[in-house]
Every structure is written in C-alpha cells, then in structure tokens.
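# Examining the three-dimensional arrangement
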Amino acid sequence: MKVEEEATSAVLNRLRRAQGQLAGVIAMIEAGRDCKDVVTQLAAVSRALDRAGFKIVAGGMRQCLATADGDTPPMSEAELEKLFLALA
C-alpha cells in the first residue's frame with residue numbers, strides 16, 4: 001500500500017517539523033538544558049511522529065475500504081489493527 005498523494009504533503013510536513021524539533025532536542029541536551037524542558041520537547045517530537053503515522057494509517061483505511069486495484073488486494077482488518085498498534 002502506498003501513501004496517497006494527497007496525504008503525502010501533510011505527512012512530509014509533519015515529519016519535517018518533527019525533524020526540526022528533534023534537532024532542537026539534541027541541541028538542548030548538548031547545551032545542558034533542564035531535564036523538564038528536554039522531556040517536554042521530546043514529547044512534542046513523539047506527538048508529531050504519531051500524527052504522521054496516524055495520517056498514513058488513516059489513508060490506508062480509506063484505501064482498504066475502496067475497491068482494490070488489479071494486483072493489490074485491500075488490507076484486512078487485522079493488518080489495519082496491526083498498523084494502529086504499531087503506533088501505540
């Protein structure tokens with residue numbers, strides 16, 4: 001299953017934002033910033049990654065519900081559940 005073209009832009013934006021946040025976390029650790037501040041920013045990175053993953057899974061659900069194209073069968077409920085649990 002490929003990521004839908006319309007979702008690709010949103011997913012890439014979220015991943016780029018997470019990449020920038022992660023670079024900020026690394027800089028904070030290198031600068032010896034307070035643990036509370038580092039953990040707060042690290043949680044923001046985690047949420048950004050989760051949102052990107054959920055966007056991909058949501059697109060997969062939409063594709064799964066649509067009629068499968070010739071060679072690609074739709075995803076089963078078990079496969080979708082596994083994807084959701086991978087993000088949990």
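Relevant structure appears above.
To keep things clear, this report deals only with the structure shown in the data block. Fair warning: this is a prediction, and the values are worked out from it, not measured in the lab.

When helices and strands are tallied, the protein shows three helices and zero strands. When the helices and strands of the protein are read in sequence order from the N terminus, they spell out α-α-α. Within the protein, the proportion of its 88 residues that are buried is 20%. Residue pairs in contact within the protein that sit at least 24 positions apart in sequence constitute 65% of those at least 6 positions apart. Of the roughly 6,500 Å² of accessible surface on the protein, 57% is carried by carbon and sulfur atoms.

The next thing to look at is the pattern of salt bridges. Enumeration over the complete set of coordinates arrives at one salt bridge. Arginine 33 is paired through a salt bridge with aspartate 37; the nearest N and O atoms lie 3.6 Å apart. Under the relative-accessibility criterion, arginine 33 is labelled partly exposed at 45%.

On the secondary structure map, alanine 23 appears in helix α1 (residues 5-30). Separated by 22 residues in the primary sequence, alanine 23 and valine 45 place their C-alpha atoms 9.8 Å from one another.

Looking at the element boundaries, alanine 52 is found in helix α2 (residues 35-65). Separated by 40 residues in the primary sequence, alanine 52 and leucine 12 place their C-alpha atoms 7.9 Å from one another. Non-local contacts of alanine 52, meaning those with residues more than four positions away in its chain, are made with Val11, Arg14 and Leu15.

Let's shift gears to a nonpolar patch on the surface. Residues Leu12, Leu15 and Leu49 make up a contiguous nonpolar surface patch of about 230 Å² in total accessible area. In this structure, leucine 15 sits in helix α1. What makes leucine 15 partly exposed here is its relative accessible area of 37%.

Cut-offs and rules
- Residues numbered from 1 in each chain as written.
- Predicted model: local features only at pLDDT ≥ 70, side-chain atom pairs only at ≥ 80, totals over all residues.
- Heavy atoms only, no water.
- Helix = DSSP H or I, 4+ residues; strand = E, 2+ residues; numbered from the N terminus.
- Buried < 20%, exposed > 50% of the residue type's maximum accessible area, 1.4 Å probe, protein only.
- Contact = heavy atoms within 4.5 Å.
- Areas by Shrake-Rupley, 256 points an atom, 1.4 Å probe, with all protein chains shown as cover.
- Salt bridge = Lys/Arg side-chain N within 4 Å of Asp/Glu carboxyl O.
- Patch = residues over 30% accessible without salt bridge, like charges linked within 9 Å, V, L, I, M, F, W, Y side chains within 5 Å.

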